[in-house]
Amino acid sequence: NAGVTQTPKFQVLKTGQSMTLQCAQDMNHEYMSWYRQDPGMGLRLIHYSVGAGITDQGEVPNGYNVSRSTTEDFPLRLLSAAPSQTSVYFCASSPGTVNEQFFGPGTRLTVL
Amino acid sequence: GEDVEQSLFLSVREGDSSVINCTYTDSSSTYLYWYKQEPGAGLQLLTYIFSNMDMKQDQRLTVLLNKKDKHLSLRIADTQTGDSAIYFCAESITDMRFGAGTRLTVKP
């Protein structure tokens, strides 16, 4: 099993550009989530999904869109990047909402 | 992350015990977790405790839970330089809420 994979590992964007952060898992987990990690603030939940076709907002959803067309994939879209979105983004999956979460290696995004 | 609070830094000498503390606010939390993050990596689950327990031991790790005070601690015995990392406390209710993380530095 590859576990949770994320691409790209690093990305630099200009303000206003759009991009999609990819996340995939091969553990057949129903629950997937996206977090952003900023210094001194820990991880904050952006969006999550409890299964294919179902998504919901977390603590900081503004500026981000998600979709879940398959169990395996949970992409995160930035429609118009802003410098405030400079962060490290982690994708995670788990068998259920309150179970151990398995984290991907992260994507470091810089918006200029 | 404001529902779960941790001190940001801890420094210990190799061989000493480390104690990382955490307070949480939601008494209906089902599980409480400790995750470890090494530089440039994602978070890895270290250990967890179910809310109806007050202690759990796993090799060098001891987790203590005081539900009355909503206080969780992680003790690492015989701390090694390889334990240097950021440690996150997390609570789960309907989703998972993380603290800001405690950066543990182990000096030789």
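Coordinates for the structure precede this section.
Rules used in this analysis
Residues numbered from 1 in each chain as written. Chains lettered and ligands numbered in written order. Predicted model: local features only at pLDDT ≥ 70, side-chain atom pairs only at ≥ 80, totals over all residues. Heavy atoms only, no water. Helix = DSSP H or I, 4+ residues; strand = E, 2+ residues; numbered from the N terminus. Buried < 20%, exposed > 50% of the residue type's maximum accessible area, 1.4 Å probe, protein only. Contact = heavy atoms within 4.5 Å. Buried area = accessible area lost by both parts, 1.4 Å probe. Salt bridge = Lys/Arg side-chain N within 4 Å of Asp/Glu carboxyl O. Nonpolar A, V, L, I, M, F, W, Y, C, P; charged D, E, K, R; others polar. 1 Å grid on protein atoms, 1.4 Å probe; cavity = no way out; pocket = protein on both sides within 12 Å on 5 of 7 lines; lining within 4 Å. Points joined across faces, edges and corners; volume = space filled by probe spheres on them.

Student: Can you help me understand unusual backbone geometry in this one?
Tutor: Among all residues except glycine, the phi angle is most often negative; among peptide bonds, the trans geometry is most common. Across the junction of A:Thr7 and A:Pro8, the peptide omega takes the value -5°, indicating a cis bond. Notably, B:Gln59 is not glycine yet its phi reads approximately 55°, a positive angle. Residue position: B:Gln59 is located in the loop between strand 6 (55-58) and strand 7 (61-66). Since its relative accessible area comes to 76%, B:Gln59 is described here as exposed. With a phi close to 55°, B:Lys70 is a non-glycine residue in the positive phi region. Checked against the element boundaries, B:Lys70 lands in the loop between strand 7 and strand 8 (71-76). Residue classification places B:Lys70 among the partly exposed positions, given a relative accessible area of 25%.

Student: Could you clarify how one ought to interpret the side chain of B:Ser73 in this entry?
Tutor: All names here are of chain B. By secondary structure assignment, the location of Ser73 is in strand 8. The buried category is assigned to Ser73, whose relative accessible area is 7%. With near-sequence residues (within four places) excluded, Ser73 lies in contact with Val19, Ile20, Asn21, Trp34, Thr62, Val63 and Leu64.

Student: Please explain the interface of chain B and chain A as it appears in this structure.
Tutor: Interfaces are often sized by the amount of accessible area the parts lose when they come together. Contact residues are listed per partner, giving 20 residues for chain B and 20 residues for chain A. Carbon and sulfur atoms supply 54% of the area buried between chain B and chain A, which totals about 1,500 Å² over both sides. Looking only at chain B, the three residues that lose the most surface to chain A are B:Leu43, B:Met96 and B:Phe98, adding up to 26% of its buried area. Counting across the interface, chain B meets chain A through 0 salt bridges. Mapped by element, the contributors of at least two residues to the side of chain B that touches chain A are strand 4 (31-37), strand 5 (43-50), strand 9 (85-92) and strand 10 (96-98) of chain B. Looking at which element gives the most residues to the side of chain B that touches chain A, the answer is strand 4 of chain B, with 4 residues. Of the residues in the side of chain B that touches chain A, the class split is 11 nonpolar, 7 polar and 2 charged.

Student: What exactly am I supposed to notice about the layout of surface pockets here?
Tutor: Space inside the largest pocket adds up to approximately 690 Å³. When grouped by side-chain class, the residues that make up the lining of the largest pocket number 16 nonpolar, 14 polar and 5 charged.

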